[in-house]
Amino acid sequence: MRVLIAEDDPALATFVQKGLEAEHYAVDVTHDGEQARAMATELDYDLFMLDLNLSRMDGIAILRHLRPRKPSMPILVLTSRNRVEDRVQCLDL
């Protein structure tokens, strides 16, 4: 199984990456929104773990770009944002 982690906190990304690799997942990590969008669009991932607070392009913009192109890709949104509006917007996308 191949997983893409897009997370702005390097320590958290490394922690999650090590845990997944210990379970024999192939894991790619990026801290940049534009790179995350390109990787998710161009490569085949079984799961995309997406933080909304990324540099250069936020997670909402990535979702808007990616959903029409890969509607069946599972995306797990992990974020420190706690507003109901953010959750609703992510679910709508």
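Everything that follows concerns the structure shown earlier in this document.
Residues numbered from 1 in each chain as written. Predicted model: local features only at pLDDT ≥ 70, side-chain atom pairs only at ≥ 80, totals over all residues. Heavy atoms only, no water.

Describing the sheet that holds strand S2 (residues 26-30)
Reading across the sheet, the four strands line up as S2-S1-S3-S4 and stay open at both edges, with parallel pairing between neighbours. Since the sheet does not close on itself, it has two edges, and those belong to S2 and strand S4 (75-77), each with one partner. The mean inter-strand angle of the sheet, taken between neighbouring strand axes irrespective of direction, is 15°. Bridge count between strand S1 (residues 2-6) and strand S3 (residues 47-50): four bridges; the pairing is parallel. For Ala 6, the partnering residue across the bridge sits in S3 and is Leu 50. (Pairing = 2+ DSSP bridges. Helix = DSSP H or I, 4+ residues; strand = E, 2+ residues; numbered from the N terminus. Axes fitted to C-alpha atoms, helices over the stretch in contact; angles between N-to-C directions.)

Concerning the pairing of S1
Where burial is concerned, most of S1 is hidden: four out of the five residues are buried. Direction of pairing for S1 relative to S2: parallel, over a ladder of five bridges. Looking across to S2, one finds that Val 3 is bridged to Val 27. Between the parallel elements S1 and S2, the chain passes through helix H1 (residues 10-22) in a crossover that is right-handed. (Buried < 20%, exposed > 50% of the residue type's maximum accessible area, 1.4 Å probe, protein only. Right-handed = clockwise from strand over helix to strand, strands pointing away.)

Details of the nonpolar core
With 15 residues, the main nonpolar core has Phe 48, Leu 50, Ile 62 and Ile 75 as its most contacted residues. Within the residue set of this core, elements represented by two or more residues are S1, helix H2 (33-42), S3 and helix H3 (59-69). Those residues in contact with Ile 75 that sit more than four places away from it in its chain are Phe 48, Leu 50, Leu 63, Leu 66 and Arg 67. Ranked by size, the runner-up nonpolar core spans six residues in total, among them Val 3, Ile 5, Leu 20 and Met 49. (Core = buried A, V, L, I, M, F, W, Y, C linked by side-chain atoms within 4.5 Å. Contact = heavy atoms within 4.5 Å.)

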